[in-house]
Amino acid sequence: MEYEATRKFAAAMDAEDELRKFRNEFNFPRAKGGEDCIYLCGNSLGLQPKRAAQFVREELEDWATLGVEAHFHARRPWLPYHRQATPGLAKLCGALPAEVIGMNTLTVNLHLMMTSFYRPTAKRYRILIESSAFPSDRFAVQSQLRLHGFDPATGLVEWHPRAGGSELHTGDLEKLLADNGDSIALLLLPGVQYYSGQVLDMPAICRIAKRAGCVVGFDLAHAIGNVPLDLHDWAPDFAAWCSYKYLNSGPGAIGGAFVHSRHLDDAGTPKLLGWWGHDEATRFAMANSFTPAPGAELWQLSNPPILSYAPMIASLQIFEEAGMKRLRKKSLLLTGYLDFLLQQRFAGQVASVTPQDARGCQLSLQVIDKTVAARAVFESLERHNVMADWREPNVIRVAPVPLYNGYNDVFEFCERLQAALHG
Ligand SMILES: *Cc1c(COP(=O)(O)O)cnc(C)c1O
């Protein structure tokens, strides 16, 4: 693509964009003057799909008019409600429908998955994470180590970027496992690193882990709905995600989990049980003996909160209409345009630390001009009605999202960045 650093070019790209109409499916926050903000924060909280309100309203109506009968007779019956999401989630994950389940929230699901798949022995008990892991993931694995009687000081192994950079190199992981592999039980790694925006080489990680005899799980918080996934074929043991980032399902939305088919229907896998993991046909017989539901549904514990599930069903419908292939194609062009404009206009002032050949929507920007305070630039962007996000110590994350952002958003961001750099 031959990009041009002009507003005219951005407008022409928007006019040609076959996904352009999806922008109208979303509510954009507005500044006091009534202008839509430049929203580049879908990596943190995706925008509200307009049809989310309709879906929630329908559940409220069905509750009002049907009461308890809505479990069976709502337009989307509540008893098998999760199955409204399964096909869409399976598609986004590149998984079989039996391998995915929408449930709980991300950190809860990480714990449920580790309950099943972190099975330490005296010799092989350590957990490997990356050194800049999201704090919740770090806390979760530290507490899992303690739960099994191990000291995180020795039980936690960290995969570091090389000195002076933020990029994780798969070769370094390979070496770590060659040196320590027989003491490591589990690798818990992100699909997309939340701070740098780097897409990790998930298939390679799966191969390396398997060779070393380690279990591997992915945190897909920044990956699902952002980059193509092929979980069934890559074959990690498990994965978990949240749905309020690129999946646009609302604050605290229902998360999800993937369990590879080789672990399904394996009675030997330990798991925490509740009545929603009981086979649906006989669940309400209320017997004292447990009959497992098929597939990943078995990991469900409770009946899910329908009102917070509904926006995800609405959002998955939009993903189905847009198609992940088309979204990824546009995403590469759109984020590529942002990268191009930054290099054209802000060389020596602002640089992206996100690897060019391994990225999703997000670029993580650093202000490298030492005469300008990065935090002040971020605050000035906020005053110019740009919503991005700040991550300590010095990164501004910007994520043009192909579902609702366009080339003009990217161009306009750069105009406002220019103004912000000049105070
Ligand atoms: C967003 C995010 C979380 C948030 O966890 P919740 O349980 O949804 O609050 C955890 N881990 C990573 C890597 C994230 O990006």
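On a predicted model such as this, the values are computed, not experimentally measured, just so you know.

**Comments concerning helix H1 (residues 7-16)**
At 3.6 residues per turn, the α-helix brings residues three or four places apart onto the same side.
(1) Moving on: Inspection of H1 places Phe9, Ala10, Met13 and Asp14 among the buried residues, and these make up the whole buried set. Each buried residue of H1 sits inside an arc of 140 degrees when the element is viewed along its axis, so together they form one side. Facing away from the buried side of H1, by more than 90 degrees, are the exposed residues Lys8, Ala15 and Glu16.
(2) Moving on: In this fold, the buried residues of H1 make contact with helix H13 (324-346) and helix H15 (407-421).

**A few points about the environment of Asp369**
(1) Moving on: Inspection of the secondary structure puts Asp369 in the loop between strand E12 (363-367) and helix H14 (374-383).
(2) Moving on: According to the relative accessible area criterion, Asp369 is buried, its value standing at 17%.
(3) Moving on: Along the chain, Asp369 and Gln349 lie 20 residues apart, while their C-alpha atoms are 4.4 Å from each other.

**Notes on the nonpolar core**
(1) Moving on: By size, the foremost hydrophobic cluster in this structure holds 73 residues, and its most contacted members are Leu128, Leu187 and Leu403.
(2) Moving on: Per-element tally for this core: the top contributor is helix H12 (residues 306-322), with 10 residues.
(3) Moving on: Those residues within four positions of Leu128 in sequence are excluded, and the remaining contacts are Val157, Trp159, Leu173, Leu176, Leu177, Ile184, Leu186, Leu187, Leu188 and Leu189.
(4) Moving on: Leu334, Leu341, Leu363 and Ala374 belong to the second largest nonpolar core, which has 34 residues in total.

**Describing helix H8 (residues 170-180)**
(1) Moving on: Of the residues making up H8, those classed as buried are Leu173, Leu176 and Leu177. Within H8, the buried residues cover an arc of 95 degrees as seen down the axis, which keeps them to one side. Turned more than 90 degrees off the buried face of H8, the exposed positions are Lys175, Ala178 and Asp179.
(2) Moving on: On its buried face, H8 sits against strand E5 (126-130), strand E6 (156-159), strand E7 (184-190) and helix H9 (202-211).

**Some thoughts on the domain arrangement of the protein chain**
(1) Moving on: Domain boundaries assigned for the protein chain yield domain 1 (7-50 + 323-421) and domain 2 (80-321).
(2) Moving on: Facing 34 residues of domain 1, the contacting portion of domain 2 comprises 25 residues.
(3) Moving on: When residues of domain 1 are sorted by the area they lose upon contact with domain 2, Pro49, Met324 and Pro355 head the list and together hold 20% of the total.
(4) Moving on: On the surface where domain 1 and domain 2 come into contact, there are 0 salt bridges.
(5) Moving on: Where domain 1 meets domain 2, there are 14 residue pairs in polar contact (both at pLDDT 80 or more).
(6) Moving on: Here the element with the most residues in the side of domain 1 that touches domain 2 is H13; it accounts for 4 residues.
(7) Moving on: Residue composition of the side of domain 1 that touches domain 2, grouped by class: 17 nonpolar, 10 polar and 7 charged.

**Here's the deal with the site of the ligand**
(1) Moving on: If you check the shell around the ligand, you find Leu106, Thr107, Phe134, Asp137, Asp219, Ala221, His222, Cys242, Tyr244 and Lys245 and nothing else.
(2) Moving on: Residue Asp137 places a side-chain N or O atom 2.7 Å away from a nitrogen atom belonging to the ligand.
(3) Moving on: A distance of 2.6 Å separates an oxygen atom of the ligand from a polar side-chain atom of Tyr244.
(4) Moving on: Partitioning the shell around the ligand into residue classes produces 5 nonpolar, 2 polar and 3 charged.

**Section: the sheet that holds E12**
Strand-to-strand pairing in sheets goes through backbone hydrogen bonds, with the strands running parallel or antiparallel.
(1) Moving on: Overall, antiparallel pairing links the 4 strands, which are arranged E11-E12-E15-E14 in an open sheet. For this open sheet the edge positions go to strand E11 (350-352) and strand E14 (389-391), each flanked by a neighbour on one side alone. The mean inter-strand angle of the sheet, taken between neighbouring strand axes irrespective of direction, is 35 degrees.
(2) Moving on: Set on the sheet, H13 makes contact with E11, E12 and strand E15 (395-398); between it and E12 the angle comes to about 15 degrees.

Cut-offs and rules
- Every chain is numbered on its own, with residues counted from 1 as its sequence reads.
- With the structure being a predicted model, the display of local features is reserved for residues of pLDDT at least 70 and the display and counting of side-chain atom pairs for 80 or more, all residues being used for whole-chain, interface and lining totals.
- Each side-chain value is derived from all of the structure's non-hydrogen atoms; neither hydrogens nor water enter the calculation.
- Between buried and exposed lies partly exposed: a residue is buried under 20% and exposed over 50% of the maximum accessible area for its type, with that area taken using a 1.4 Å probe on protein chains only.
- Labels follow the DSSP assignment, with helices taken as runs of H or I lasting at least four residues and strands as runs of E lasting at least two, numbered in each case from the N terminus.
- The directions from the helix axis to the C-beta atoms are what the arc is built from.
- Whether two residues touch is decided by their heavy atoms; if any such pair falls within 4.5 Å, the residues are in contact.
- Nine residue types can take part in a nonpolar core, namely buried Ala, Val, Leu, Ile, Met, Phe, Trp, Tyr and Cys, and a core is a set of them joined through side-chain atoms within 4.5 Å.
- Domains are outlined according to an automatic or database domain assignment.
- The buried area of a pairing is the accessible area, by a 1.4 Å probe, that goes missing from both parts when the two are put together, added over both.
- We define a salt bridge as a contact between a side-chain nitrogen of Lys or Arg and a carboxyl oxygen of Asp or Glu at a distance within 4 Å.
- Here a polar contact is recorded for every N or O atom pair within 3.5 Å, except that within protein the pair must consist of a potential hydrogen donor and a potential acceptor, and residues adjacent in sequence are included only if both atoms are side-chain atoms.
- Classification used: nonpolar for Ala, Val, Leu, Ile, Met, Phe, Trp, Tyr, Cys and Pro, charged for Asp, Glu, Lys and Arg, polar for all others including Gly.
- Near residues are defined by distance, with any heavy atom within 4 Å of the molecule or strand qualifying the residue.
- By this definition, two strands are paired if DSSP reports at least two bridges between them.
- Lines fitted to the C-alpha atoms define the axes, with helices restricted to the stretch that makes contact. Angles between their N-to-C directions range from 0 to 180 degrees.

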